[in-house]
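Secondary and tertiary structure notes
One-letter residues, chain by chain:
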Protein chains: 2
Amino acid sequence: MDAPLESLIAQLPEKTVITDPVSMEPYRYDWAHDETAGMPLAVVRPTDADQVQTTMRWASEHRVPVVPRGAGSGLSGGSTAVEQGLVLSLDRMRSVEVDPNLRIAVVEPGALNVEVKRAAAEHGLWYPPDPSSYEMCSIGGNLATNAGGLCCVKYGVTTDYVLALDVVLADGTKLQLGGPRLKDVAGLSLIKLFVGSEGLLGVITRGILRLIPAQPSRSTLVAIYDDVETAARSVVEMCRNIRPSMVELMDNASINAVEDYRAMGLDRSAGAMLIIQSDAPGESCSREISVLQQICDTVGARETFVTDDPEEGEMFAEGRRVAFHAIEKRGSIMLEDVGAPLPVLPELITGIAAIAARHRVEIPTVAHAGDGNTHPIVVYDASDPDSTERAARAFAEVMSLAISLGGTITGEHGVGRLKKAALPDQLGPEVMEVSRRIKAALDPQGILNPGAVL
Amino acid sequence: MDAPLESLIAQLPEKTVITDPVSMEPYRYDWAHDETAGMPLAVVRPTDADQVQTTMRWASEHRVPVVPRGAGSGLSGGSTAVEQGLVLSLDRMRSVEVDPNLRIAVVEPGALNVEVKRAAAEHGLWYPPDPSSYEMCSIGGNLATNAGGLCCVKYGVTTDYVLALDVVLADGTKLQLGGPRLKDVAGLSLIKLFVGSEGLLGVITRGILRLIPAQPSRSTLVAIYDDVETAARSVVEMCRNIRPSMVELMDNASINAVEDYRAMGLDRSAGAMLIIQSDAPGESCSREISVLQQICDTVGARETFVTDDPEEGEMFAEGRRVAFHAIEKRGSIMLEDVGAPLPVLPELITGIAAIAARHRVEIPTVAHAGDGNTHPIVVYDASDPDSTERAARAFAEVMSLAISLGGTITGEHGVGRLKKAALPDQLGPEVMEVSRRIKAALDPQGILNPGAVL
């Protein structure tokens, strides 16, 4: 390809376009570290939507592939550079403005999730979606993947908080969708279509997010189990009538990985641990927690304890959040994001253990259990081809298992490149075909994030 | 058009296809009673998705327009028959099955919203979305318009509760989207695209709706104001920090219309009335209600009172719900559904009053005030051309006013045919163009609900 990159450089401010291979290197991968990543022609780091439009017009004219990118913390290879393409990094577009009267945050895509939360908190407001990586993931990436998190069992996922989006299409056209109004059904639900579209349909340059009043104080219930299946059964039972604000699960391997990584006094002998929170207001909170505790005890927890101390509660939640980093220390990893209907969560979890045993790989599992969304993490030795092959087989089988249980290959991370092969198994040919038609309607040349999802 | 209707009739069970003009008459209109409705070739009343597919295949082959239809309670003319087209009425597909373990309702489109609510309640579960017409509107229509209601100020709208959809496309292909899982980001967000698509993209034949635990008991606060603008200011103030489960507004004209229609002892002299509910659990409920009451008093309510009696509370909510029918008794009506960002709700409401005065028409207004979503109802005399013209002008100006305030022409009813002319003013040419491209990608012949929305 010999696209005249100079003509793009000339249209953008100095230092917006990077072409030095060493400087480009960090922009080639997200956390999935897809080894098939190409060497881009350039990395473009715009500071406003106009520059995004300029870039897309140029790319469209010269049919150059473009991979949009936020903070690069994606776990599915959704931001993997394409050979001789552009990486369009939104990391310099970071403004966050909160309007307390409208109860909104107007955000640029490069702003971190935590920056949105902080800006909201300054006004006594709250932006709920909280991926475990909230301190380092960008809000643009959250929008592109419809990210979830820990509190979404009660408060929903990213799409539930999006009131407006500005999106630059493949041809450089900028759409302004929605506005700071709480209900709006004028026209097709295009905002919802762009949320979770993983860079395939357009580049999000601005969003308006709905904020809600600050979360009330929480109480935390920790339940220790001899085995993970009983823990999963407790989750099914408790979610039948109650809406806790967090229901996280860690299995024995992930508990031990976290303890190795950062000693926090977790019970290394536990088969599984549940971390449950309630934020019901006032006296209802302790009442709700005590009902939850009773359920855990009845279903078969070995030990349960409650803390109203926010710091102690946060310590357990933080233990859960660092699990990914802790497990990463144990070898190379393939991170799953499979989900299942809640009642079959126990079958999913025991099935994963069986797959691990069959392929002789370690698969520590943490889960947003209240949503039926699990993160089995396949650990392997990348220098050993046999281990790598067994891991890859286990990775694929976990997704097949989820599909066979009526579940999904991805609950919140997105398909990216890593789960692309399994997507048709879940969606079927008709849905794949319609998805391709919509992709073609918005990006007829197919220059946006080629190789991902479809 | 001389499509061989006999060939469709032959493929469907007896009595599925109606061609007798008298029997077809009720299927030509929804509640908007669009006088431009055509005389359909036939009304098809399938009893399962196979028959919907048969019908769409036939219509596609013969390029016959198809207008899908639920209970016909739409208020925007979204279900208005097309000359020599088919009306595809889903009123015989009414099954509702609740699975309490999965906490879902599996519904067919013709089931009424109230039937879904009742089936859920039998299991101690709740389907929140509650359009005022919930006792007579179909869940399919709710899905097609992304319907709202009274409790969505706290609990969200239809799209927030949809886990899965079966959709038959224009060419008869059936898509099965989603499943009974709480989080799923595999592929494009097609479910969300079909929700609110007003019959333009496909025919919904089945849905899986998420249910939540039954709503706790509610307390009701009624606040009476001398003028509607002060009432609106109270709403802005209270929604800053609190999430009530209902915040409805009635102005003087709608209060009097309701009293004329069904005497319930409302204060006919009030400039406006707010009906506010809290369903915060336990003791928090009365605490929240007393904070809300204090806000109303401080901002300038003439009188406030609280009731914990659910029946008395429901009586006020019911008064609000019947407003549409009550106002309908006063003449011909054009029903608006305009919304605005919450802080400018007072400007929207005073602006509507100015428009009413300027055009010498009565515009009683009720509102889901906590969402900034209002229903100004233009009352006119259809037998008087001058009155009709003034009403039409007022109707258009109210939408222009909403757009100028950063609002929307429709918060929950949909665009249909009645608001079609104003849609480009709100969305702009780029968004219209992209909407048309998506429509063309899914319905290249344009046979689905032609004349509506776009």
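Above: the structure in question.
Before going into details, it helps to say that this report is about the structure given with it.

The rules we used
- Residues numbered from 1 in each chain as written.
- Chains lettered and ligands numbered in written order.
- Predicted model: local features only at pLDDT ≥ 70, side-chain atom pairs only at ≥ 80, totals over all residues.
- Heavy atoms only, no water.
- Pairing = 2+ DSSP bridges.
- Helix = DSSP H or I, 4+ residues; strand = E, 2+ residues; numbered from the N terminus.
- Axes fitted to C-alpha atoms, helices over the stretch in contact; angles between N-to-C directions.
- Contact = heavy atoms within 4.5 Å.
- Core = buried A, V, L, I, M, F, W, Y, C linked by side-chain atoms within 4.5 Å.
- Buried < 20%, exposed > 50% of the residue type's maximum accessible area, 1.4 Å probe, protein only.
- Buried area = accessible area lost by both parts, 1.4 Å probe.
- Salt bridge = Lys/Arg side-chain N within 4 Å of Asp/Glu carboxyl O.
- Nonpolar A, V, L, I, M, F, W, Y, C, P; charged D, E, K, R; others polar.
- Least-squares fit on C-alpha atoms with pLDDT ≥ 70 in both.
- Patch = residues over 30% accessible without salt bridge, like charges linked within 9 Å, V, L, I, M, F, W, Y side chains within 5 Å.
- Areas by Shrake-Rupley, 256 points an atom, 1.4 Å probe, with all protein chains shown as cover.
- Lys, Arg positive; Asp, Glu negative; His and termini not counted.
- Charge placed at Lys NZ, Arg CZ, Asp CG, Glu CD.

**Quick word on the sheet that holds strand β18 (residues 373-380) of chain B**
Residue and element names in this part refer to chain B. Within the open sheet, the seven strands sit side by side as β15-β12-β14-β13-β17-β18-β16. Their pairing is antiparallel. Only two strands of the sheet have a single neighbouring strand rather than two, namely β15 (303-307) and β16 (332-335). Taking the axes of each pair of neighbouring strands and ignoring which way they run, one obtains an average angle of 15 degrees across the sheet. In terms of strand pairing, strand β13 (residues 246-251) meets strand β14 (residues 272-278) through six bridges, oriented antiparallel. Bridging across to β14, D251 finds its partner in A272. The strands touched by helix α9 (residues 252-261) are β13, β14 and β17 (365-368); relative to β13, the strand with the most contacts, the crossing angle is about 85 degrees.

**So, the nonpolar core**
Among the nonpolar cores identified, the biggest contains 129 residues, and L165, F194 and I363 of chain A together with L165, F194 and I363 of chain B are the most heavily contacted of them. The residues contacting F194 of chain B, other than those within four sequence positions of it, are L143, L165, V167, L169, L175, L177, L201, G202, I204 and L442 of chain B.

**A closer look at the interface of chain A and chain B**
With 81 residues of chain A in contact, the opposing surface of chain B contributes 81 residues. With both sides pooled, the region where chain A packs onto chain B buries about 6,100 Å², and carbon together with sulfur makes up 62% of that total. Summed over the shared surface of chain A and chain B, the result is six salt bridges. Ionic pairing is found between E412 of chain B and K183 of chain A, a salt bridge with its closest N-O pair at 2.7 Å. The set of elements that each furnish at least two residues to the side of chain A that touches chain B consists of β9 (174-178), α7 (190-194), β11 (212-213), α10 (283-299) and α15 (423-442) of chain A. Of the residues assigned to the side of chain A that touches chain B, the class counts are 36 nonpolar, 27 polar and 18 charged.

**Looking at the relation of the copies chain A and chain B**
Relating the two copies of this chain is a rotation about some axis coupled with a shift parallel to it. Note on the identical chains: chain A maps onto chain B by a rotation of 180 degrees and an axial translation of 0.0 Å, with an RMSD of 0.0 Å. Here the two chains are linked by the operation of a two-fold rotation axis. A share of 100% of the interface residues of chain A reappears at the interface of chain B, consistent with the copies meeting face to face through the same patch.

**Considering unusual backbone geometry**
Comment: phi is negative for the bulk of residues other than glycine, and the bulk of peptide bonds are trans. Residue N146 of chain A is not a glycine yet carries a positive backbone phi of 50 degrees. In this fold, N146 of chain A is placed in the loop between α5 (139-145) and α6 (152-155). Phi is positive for N449 of chain B, which is not a glycine, with a value near 45 degrees. Note that N449 of chain B resides in the segment after α15 (423-442).

**A word on a negative patch on the surface**
All names here are of chain A. A surface patch of like charges, here negative, comprises D308, D309, E311 and E312. Within the fold, D308 resides in the loop between β15 (303-307) and α11 (310-321). For D308, a relative accessible area of 54% corresponds to the exposed category.

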